[in-house]
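Descriptive analysis of the structure
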Amino acid sequence: MIHRYFPHTQADIDAMLARCGVNSLDELNADVPEDLRLKHPYNLPAEMSEHEVREYFSKLEKECEPLVCFAGAGFYDHYTPSVVTALASRSEFVTAYTPYQPEISQGTLQYIFEYQTMMAELTGLPVSNASMYDGTTAVAEAMMMTVAAARKRNRVLVSATILPAYRSVIDTYAHFHGIEIETIPEKDGSTDFAALDLLLASGDVAGVIIATPNCHGILENLTGVADKCHAAKALLVISSPASALGAIRNPGEWGADIAAGEAQSLGMPLSFGGPYLGYMCCTKALMRKLPGRIVGATEDARGRRVFVLTLQAREQHIRRDKATSNICSNQGLMALYAAIYLSTVGSEGLKEVNRAGCDGAHYLAARLEAEGVAKQRYPSAPYLNEMELEVEFDAQAFINYAAEAGVLAGVATSPSTLLVAVTEKRSRAEIDRLVELFVSFSKASKS
């Protein structure tokens, strides 16, 4: 089969086959079971002109009805200032790739440096990388860092209140690296720190991973947790949505060794699942264990401020067999998004974003409670802009019902519980509309 758009000519293919010591592509693929081989042309539609392609996607766009989003669970519908997409779409950013040659990559290196600087300020930890694929892989890589730093310890404790998606990826990474994962149970929606004390007492723990806000939306009180971990010679990893760090105590203030999580909330639209951005910051002591790139500022021979990749010995393109991680090509474009967003909104703007979401969430909770259609699962627990609700009807059925009315009502965490998030984009009228849907569905479910 000749592939029209592959760059190899038949002569190229014949030369490579000869080099491999085989006579045909079929012979080269002989190890692939016969029943798994494609025996017919690809089922692709006919070619279209540029105009036809635009018409086709315009039609698809009209069939997609955007929903008013109250879903969260780690990924949030925040506003993206127009300057973010405008600047990030410039060709010099879109086409930039790997900044291995600093003399021709100063622009790329500078925005990565600025991103790292702002993430270090946001997390309260002195060193940031650039960057990870998403929050799940960032936390999983943080788990591996704790083991690499501990050397002979191979056990990591993970709070039961971390997001399920994060736990799933942690378990996958741990399985293939021979790391033992043990769950810290939860109590009243938060990490059970008495249980943590008992687990740390064994003396073989490399790291502890805790989230705040957690999977229930609760802001966990982590006072003294870092001291407990360090007394047991374990590292503490704290995971938070990046935007929330503009309003709550950051990992550095809690005494964490590593901060890792999802930075999608810093100006990145939901986009049907990505691309997103994983952030990771750490103490100076762990800098050489940090995966991804680190950009530093220095001076050239003329005394001018310039930017370079630093500690490259950690990178797989330098010492592949000793690389700390398989991540080399960073999420550069998404790091640029975050850098522009943070530069645009600033610290006060980030506080305002969180204040608006917090006010909206508490208003929603009060309205639902007053209508008697839902109540908070953990009413005494503090939360920012997301809370878990208990309902007397099927949660997923309600989500489907609300979607028909143009509203994404949240994420079902069980048949009778619903995780609902409010961001600065949600107006008072939209929140009232969600309450109306709760009321009407509740009445219909009882009739």
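Here the structure is shown first, and the text comes after it.
This report concerns the structure included in the present document. (Residues numbered from 1 in each chain as written. Predicted model: local features only at pLDDT ≥ 70, side-chain atom pairs only at ≥ 80, totals over all residues. Heavy atoms only, no water.)

**With respect to the overall build of the protein**
When its secondary structure is counted, the protein shows 14 helices and 17 strands. Relative to a compact globule of 447 residues, whose C-alpha radius of gyration would be 22 Å, the protein shows 25 Å and is just as compact. Burial analysis of the protein (447 residues in total) assigns 47% to the buried set. Taking as baseline every contact in the protein between residues at least 6 positions apart, the subset at least 24 positions apart corresponds to 69%. Accessible surface, the protein as shown: approximately 22900 Å² in total, 54% of it carbon and sulfur. (Helix = DSSP H or I, 4+ residues; strand = E, 2+ residues; numbered from the N terminus. Rg over C-alpha atoms; globule rule 2.2 N^0.38 Å. Buried < 20%, exposed > 50% of the residue type's maximum accessible area, 1.4 Å probe, protein only. Contact = heavy atoms within 4.5 Å. Areas by Shrake-Rupley, 256 points an atom, 1.4 Å probe, with all protein chains shown as cover.)

**Digging into helix α14 (residues 428-446)**
Look at α14: 27 Å from first C-alpha to last across 19 residues, which is about the 27 Å you get at 1.5 Å a residue. Looking at the packing, one finds that the buried side of α14 touches α12 (332-371), β14 (386-390), α13 (395-404), β15 (407-408) and β17 (417-421). (Expected span 1.5 Å × (residues − 1).)

**A few points about the sheet that holds β14**
One open sheet accounts for four strands, arranged β13-β14-β17-β16; its pairing is antiparallel. Taken across any chain shown, the strands that pair with only one partner, and hence form the sheet edges, are β13 (375-376) and β16 (411-414). Judged from the three bridges that link them, β16 and β17 form a sheet pairing that is antiparallel. Bridge pairing in β17 places Ser 414 opposite Thr 417. Across the face of the sheet, α12 comes into contact with β13, β14 and β17 while running at roughly 15 degrees to β14. (Pairing = 2+ DSSP bridges. Axes fitted to C-alpha atoms, helices over the stretch in contact; angles between N-to-C directions.)

**What about the pairing of strand β8 (residues 235-239)?**
β8 sits mainly inside the fold: five of its five residues count as buried. The sheet contact formed by strand β7 (residues 205-211) and β8 spans five bridges and is parallel. Across the sheet, Val 208 pairs through a bridge with Leu 236, a residue of β8. Once you follow β7 into helix α10 (residues 225-231) and on to β8, the crossover reads as right-handed. Two strands pair when backbone bridges link them, and β8 and strand β9 (residues 258-262) are joined in this way by two bridges, in the parallel orientation. Bridge pairing in β9 places Val 237 opposite Ile 258. (Right-handed = clockwise from strand over helix to strand, strands pointing away.)

**Description of the pairing of strand β4 (residues 180-184)**
Relative to β4, strand β3 (residues 155-159) is paired through five bridges, and the arrangement is parallel. Bridging across to β4, Arg 155 finds its partner in Glu 180. For the crossover that starts at β3, traverses helix α8 (residues 164-177) and ends in the parallel β4, the hand is right-handed.

**A word on the sheet that holds β4**
Strand pairs in the sheet, formed through backbone hydrogen bonds, run parallel or antiparallel to each other. The seven strands lie next to each other as β2-β10-β9-β8-β7-β3-β4, forming an open sheet whose pairing is mixed. Edge strands, defined here as strands with exactly one partner in the open sheet, are β2 (127-128) and β4. The pairing of β9 with strand β10 (residues 278-282) spans five bridges and is classified as antiparallel. Looking at β10, one finds that Ala 259 is bridged to Cys 281.

**Some remarks on the side chain of Arg 153**
Along the polypeptide, Arg 153 turns up in the loop between α7 (135-150) and β3. Notably, Arg 153 is buried but unbridged: the nearest opposite-charge side chain belongs to Asp 204, and the N-O separation is 6.6 Å. At a separation of 2.9 Å, a polar atom in the side chain of Arg 153 contacts the main-chain carbonyl oxygen of Val 205. Among the polar contacts made by the side chain of Arg 153, one reaches the main-chain carbonyl oxygen of Lys 233 at a distance of 3.4 Å. Discounting chain neighbours no more than four positions away, the residues touching Arg 153 are Val 147, Gly 203, Asp 204, Val 205, Ala 206, Ala 232, Lys 233 and Ala 234. (Lys, Arg positive; Asp, Glu negative; His and termini not counted. Salt bridge = Lys/Arg side-chain N within 4 Å of Asp/Glu carboxyl O. Polar contact = N/O pair within 3.5 Å; in protein donor to acceptor, adjacent residues only side chain to side chain.)

**Examining the packing of aromatic side chains**
Inspection of every chain in the model, using the stated rule, returns 10 aromatic pairs. Seen in terms of ring centroids, Phe 75 and Tyr 276 are 5.0 Å apart; in terms of plane orientation they differ by 25 degrees. Their pairing is stacked. Of this pair, Phe 75 sits in the loop between β1 (68-69) and α4 (82-88) while Tyr 276 sits in the loop between β9 and β10, and the two are 201 residues apart along the sequence. Its relative accessible area of 10% is what places Tyr 276 among the buried residues. The ring of Trp 254 has Arg 249 sitting right over it, with the charged end atom 4.0 Å from the ring centre. One residue, Arg 428, lies across the ring of Tyr 363, its end atom 3.8 Å from the ring centre. (Phe/Tyr/Trp six-rings, centres within 6.5 Å; stacked < 30°, edge-to-face > 60°. Lys NZ or Arg CZ within 6 Å of the ring centre and 35° of its normal.)

**Comments concerning empty space enclosed by the protein**
One pass over the structure, following the stated rule, counts four cavities of 30 Å³ or more. If you add up the space inside the largest cavity, you get close to 130 Å³. For the largest cavity, the lining is made up of 15 residues, of which Gly 74, Leu 163, Pro 213, Ser 240 and Pro 241 are closest to its centre. Classifying every residue of the lining of the largest cavity gives eight nonpolar, five polar and two charged. Computed from the structure, the second largest cavity encloses a volume of approximately 110 Å³. What lines the second largest cavity is simply Tyr 76, His 78, Pro 213, Pro 241, Ser 243, Ala 244, Val 353, Asn 354, Gly 357, Leu 384, Asn 385 and Glu 386. Of the residues forming the lining of the second largest cavity, the biggest block, three residues, is contributed by α12. Across the lining of the second largest cavity, the residue classes tally to six nonpolar, five polar and one charged. (1 Å grid on protein atoms, 1.4 Å probe; cavity = no way out; pocket = protein on both sides within 12 Å on 5 of 7 lines; lining within 4 Å. Points joined across faces, edges and corners; volume = space filled by probe spheres on them. Nonpolar A, V, L, I, M, F, W, Y, C, P; charged D, E, K, R; others polar.)

**Things to note about the side chain of Ser 159**
Mapped onto the elements, Ser 159 comes out in strand β3. Apart from residues lying up to four places away in sequence, Ser 159 is in contact with Ile 184, Thr 191, Ile 209 and Ile 210.

**Things to note about the environment of Glu 424**
Within the secondary structure, Glu 424 is located in the loop between β17 and α14. Glu 424 sits 64 residues away from Gly 360 along the chain, and the two C-alpha atoms are 7.8 Å apart. The contact partners of Glu 424, leaving out residues within four places of it in the chain, are His 78, Tyr 79, Val 353, Ala 356 and Gly 357. Here His 78 takes part through its side chain, which lies 2.7 Å from a polar atom of the side chain of Glu 424.

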